[in-house]
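If you want the building blocks of each chain, they are given just below.
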Amino acid sequence: MSQLLHSPMRSSRVALAATFAALSLGAAPLSAQAQIPAQPAAQTQAPQTWNRINVPPYPASQPDKLKVDQDEYKLYLRTSDGPQQVFDFYRAQLEQQGFRVTSSKDKKHGQKAYLQRGAGSAPEDRVELDVKRKAGGVIKVEIEIDETD
C-alpha cells in the first residue's frame, strides 16, 4: 500500500491535479513556481511626493540616506551610474511633471539646473536640481525650492 502511495504514477497525477487547480484559480503552474529563485528580490522604493513633486527612486540604485524638509529634498544613493546620468533621469522626471529648464550649469562633480513649472507663481513651481558625486562614490540628488527671483 505504501508503495502505491509513493509510486511515480501517483506523484505525476498529484502534480498534474495541483497544476490544474492552480491554473483554474489563476495561479502560475507548479513548474513555474518551482523556478522562483530562493534569494530575495532587489529592494524597490515607491516614489515619494514632496511639495506636489513626484520623486521616484533612481533605477538600479541603493538608497543611502534621505533628508527631507519643507524647502529641500536630499537623496543620497549608491549607483554605478555617474552624476550626469542621475541628473538626466531626474531632470526628465521633472520635465514630465510640467517643469522646464530655465538655466543650467556644469559643476566640478556634477550638474545643476533651475526649473520652473507654469508661471512659477507657487514656491514649489520653481526648483533647483543639483546632482553631484560625494565622497565614497555616493551621489547626492538635491531638489530645492528656488526662492530667488
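Because the structure is predicted, anything quoted here is derived from the model rather than measured.

Asker: In this structure, what is going on with the overall build of the protein? I would like to understand it.
Answerer: Within the protein one finds four helices and eight strands. Taken over 149 residues, the protein has a buried fraction of 34%. Within the protein, contacts between residues at least 6 apart in sequence are counted, and of these 41% link residues at least 24 apart. Accessible surface, the protein: about 9700 Å² in total, of which carbon and sulfur atoms supply 53%.

Asker: Got a minute to help me understand the packing of aromatic side chains in this structure?
Answerer: Pairs of aromatic rings are described using the distance from one ring centre to the other and the angle between the two planes. Applying the stated criterion across every chain, the model contains four aromatic pairs. Plain terms: the ring middles of Tyr58 and Phe89 are 5.1 Å apart, the flat faces sit at 90° to each other, and that makes the pair edge-to-face. One end of the pair, Tyr58, is in the loop between strand 2 (53-55) and strand 3 (62-68); the other, Phe89, is in helix 4 (residues 83-96), with 31 residues separating them in the sequence. Clustering of aromatic rings is evident, with ring pairs tying together Tyr58, Phe89 and Tyr90.

Asker: Could you clarify how one ought to interpret helix 4 in this entry?
Answerer: For an α-helix, the turn length of 3.6 residues means that residues three or four places apart are oriented alike. Taking 1.5 Å as the rise per residue, helix 4 with 14 residues should run 20 Å; its terminal C-alpha atoms sit 20 Å apart, in good agreement. Within helix 4, burial applies to Pro83, Val86, Phe87, Phe89, Tyr90, Gln93 and Leu94. When helix 4 is viewed along its axis, its buried side chains cluster within an angular range of 160° and face the same direction. Next to the buried residues of helix 4 lie strand 2, strand 4 (72-78), strand 5 (99-107), strand 6 (110-117), strand 7 (126-133) and strand 8 (138-145).

Calculation criteria
Residues numbered from 1 in each chain as written. Predicted model: local features only at pLDDT ≥ 70, side-chain atom pairs only at ≥ 80, totals over all residues. Heavy atoms only, no water. Helix = DSSP H or I, 4+ residues; strand = E, 2+ residues; numbered from the N terminus. Buried < 20%, exposed > 50% of the residue type's maximum accessible area, 1.4 Å probe, protein only. Contact = heavy atoms within 4.5 Å. Areas by Shrake-Rupley, 256 points an atom, 1.4 Å probe, with all protein chains shown as cover. Phe/Tyr/Trp six-rings, centres within 6.5 Å; stacked < 30°, edge-to-face > 60°. Expected span 1.5 Å × (residues − 1). Arc of directions from axis to C-beta.

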